[in-house]
Amino acid sequence: MASCIFCKILAKQAPAKIIYEDESCIAFQDINPQAPVHLLVIPRKHFASVEEAEMDDLPLLGHLYRVAAKLAQEYKITDGYRMVVNTGVGAGQSVFHFHLHLLGGRSFRWPPG
Ligand code: 5GP
Ligand code: ZN
């Protein structure tokens, strides 16, 4: 998608600190980190949100979570971390290319704000 910043990052047409890549996804550092570790794991396939995901995308969604869990180990945040998917403007979604936030390295409150 030409207008999508995450598609541009995937195409290496926009800069990002990419820390993981495989055939179906990449992970990079969030430009405005909300925790000492704040990574975004995104599919190479563009879809705006889980609402738009198709049945065929379910293994891909699961894969994103597995990659995030592996990164949590690598970044040594397994004592407590958040995987967050903001869905819709009301929940704070600002980039409409599905992404999984991985946050760690600090304590978190519940419920989230
Ligand atoms: P959302 O608000 O949609 O759940 O999350 C979007 C996230 O993408 C935000 O945390 C924001 O800081 C991050 N972000 C937006 N644009 C860029 C960018 O160009 N590069 C990087 N690395 N992160 C971005
Ligand atoms: Zn996109």
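Residues numbered from 1 in each chain as written. Chains lettered and ligands numbered in written order. Predicted model: local features only at pLDDT ≥ 70, side-chain atom pairs only at ≥ 80, totals over all residues. Heavy atoms only, no water.

*Asks:* Explain the site of ligand 1 to me, please; I cannot follow it from the model alone.
*Replies:* In the neighbourhood of ligand 1, 16 residues make up the surrounding shell, with Asp30, Asn86, Gly92, Ser94 and His101 lying closest. Here Asn86 contributes a side-chain N or O atom positioned 2.9 Å from an oxygen atom of ligand 1. If ligand 1 stood free it would expose 520 Å²; the protein chains cover 83% of that surface. Counting only elements with at least two residues in the shell around ligand 1, the list comes to α1 (5-10) and β2 (25-29). Per-element tally for the shell around ligand 1: the top contributor is α1, with three residues. Of the residues contributing to the shell around ligand 1, the split by class is seven nonpolar, eight polar and one charged. (Near = heavy atom within 4 Å. Polar contact = N/O pair within 3.5 Å; in protein donor to acceptor, adjacent residues only side chain to side chain. Areas by Shrake-Rupley, 256 points an atom, 1.4 Å probe, with all protein chains shown as cover. Helix = DSSP H or I, 4+ residues; strand = E, 2+ residues; numbered from the N terminus. Nonpolar A, V, L, I, M, F, W, Y, C, P; charged D, E, K, R; others polar.)

*Asks:* Teacher, can you tell me more about the coordination of the zinc ion (ligand 2) here?
*Replies:* Six octahedral donors at a metal ideally form angles of 90 or 180 degrees, and four tetrahedral donors ideally form angles of 109.5 degrees. Note on the zinc ion (ligand 2): its protein donors are Cys4 (SG), Cys7 (SG), His46 (ND1) and His97 (ND1). The metal-donor distances range over 2.0 to 2.3 Å. Coordination at the zinc ion (ligand 2) is tetrahedral, judged from the four donor atoms that bind it and the angles of 102 to 116 degrees they form at the metal. Ordering the donors of the zinc ion (ligand 2) by residue number gives the pattern C-x2-C-x38-H-x50-H. One end of the pair, Cys7, is in helix α1; the other, His97, is in the loop between β4 (81-84) and β5 (100-104), with 90 residues separating them in the sequence. Across the pair, exposure class does not vary: Cys7 and His97 are buried alike. (Donors = N, O, S within 2.8 Å, 3.2 Å for Na, K, Ca; no water. Tetrahedral: all angles 85-135°; square planar, octahedral: opposite > 155°, others 65-115°. Buried < 20%, exposed > 50% of the residue type's maximum accessible area, 1.4 Å probe, protein only.)

*Asks:* Looking at this model, I keep getting lost on the sheet that holds strand β3 (residues 37-43). Mind explaining?
*Replies:* Strands pair in a sheet through their backbones, by hydrogen bonds, and they do so in one of two ways: parallel or antiparallel. Read across the open sheet, the five strands follow the order β1-β2-β3-β5-β4; overall the sheet is antiparallel. Of all strands in the sheet, those with a lone pairing partner are β1 (18-21) and β4, marking the two edges. When strand polarity is set aside, the average angle formed by the axes of neighbouring strands in this sheet is 20 degrees. Bridge count for β2 against β3 is five bridges, and the pairing is antiparallel. Directly across from Cys25, in β3, lies its bridge partner Pro43. (Pairing = 2+ DSSP bridges. Axes fitted to C-alpha atoms, helices over the stretch in contact; angles between N-to-C directions.)

*Asks:* Could you clarify how one ought to interpret the environment of Gly88 in this entry?
*Replies:* Along the chain, the position of Gly88 falls in the loop between β4 and β5. Judged by relative accessible area, which is 24%, Gly88 ranks as partly exposed. When the C-alpha positions of Gly88 and Glu51 are compared, they lie 9.6 Å apart, and in sequence the two are 37 residues distant.

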